[in-house]
Amino acid sequence: MITVQVMSRNNCPLCTEAIAQLRNLQRDYNFELEVIDIYQDDQLLEKYQLMIPVVLVEDVEIGYGHIEDQQVISAIDTHSNKL
């Protein structure tokens, strides 16, 4: 199964929006959603603190800030074809 990760933090409205958006996409696309709090890992905090939310599909960054559905769908389709 394809894994979609969201680099996030508490009290982040854009993160909340991105997570809700991805949960809606799960209705039509089969993927595992993993929400990662960057404040639990110093390396992730250093890397992503100014960019969150950051969405990764199979460990490949596909977007940050305002996430477009089509970015996620295209990445999922690309990785589905590799399976």
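Look above for the structure.
These numbers come from a predicted model, not from an experiment.

Caption draft 1: Structural context of the pattern of salt bridges. In this structure the tally under the stated criterion is one salt bridge. Lys47 is the salt-bridge partner of Glu61, the closest N and O atoms lying 3.8 Å from each other. Linking Glu61 in strand β4 (residues 60–64) with Lys47 in helix α2 (residues 42–48), this pair joins segments that are 14 residues apart in sequence. Looking at Glu61, the relative accessible area reads 37%, which means it is partly exposed.

Caption draft 2: Seen up close, a negative patch on the surface. A contiguous patch of negative charge on the surface is contributed by Glu32, Glu34, Glu58 and Asp59. Counting through the fold element by element, Asp59 comes out in the loop between β3 (54–57) and β4.

Caption draft 3: Looking closely at the side chain of Gln21. Structurally, Gln21 is set in helix α1 (residues 13–25). A relative accessible area of 18% places Gln21 in the buried class. Leaving out residues up to four positions away in the same chain, Gln21 has contacts with Ile67, Glu68 and Asp69.

Caption draft 4: Spotlight on the state of the cysteines. Tallied over the entire structure, the rule returns one disulfide. Each sulfur in the disulfide pair Cys12 and Cys15 lies 2.3 Å from the other. Taking the sign of the torsion about the S-S bond as the criterion, the disulfide between Cys12 and Cys15, at about 70 degrees, is right-handed. With respect to class, Cys12 is no different from Cys15; both count as buried.

Conventions adopted
Residues numbered from 1 in each chain as written. Predicted model: local features only at pLDDT ≥ 70, side-chain atom pairs only at ≥ 80, totals over all residues. Heavy atoms only, no water. Salt bridge = Lys/Arg side-chain N within 4 Å of Asp/Glu carboxyl O. Helix = DSSP H or I, 4+ residues; strand = E, 2+ residues; numbered from the N terminus. Buried < 20%, exposed > 50% of the residue type's maximum accessible area, 1.4 Å probe, protein only. Patch = residues over 30% accessible without salt bridge, like charges linked within 9 Å, V, L, I, M, F, W, Y side chains within 5 Å. Areas by Shrake-Rupley, 256 points an atom, 1.4 Å probe, with all protein chains shown as cover. Lys, Arg positive; Asp, Glu negative; His and termini not counted. Charge placed at Lys NZ, Arg CZ, Asp CG, Glu CD. Contact = heavy atoms within 4.5 Å. Disulfide = S-S within 2.5 Å.

These results come straight from atomic positions and should not be treated as a statement about function.
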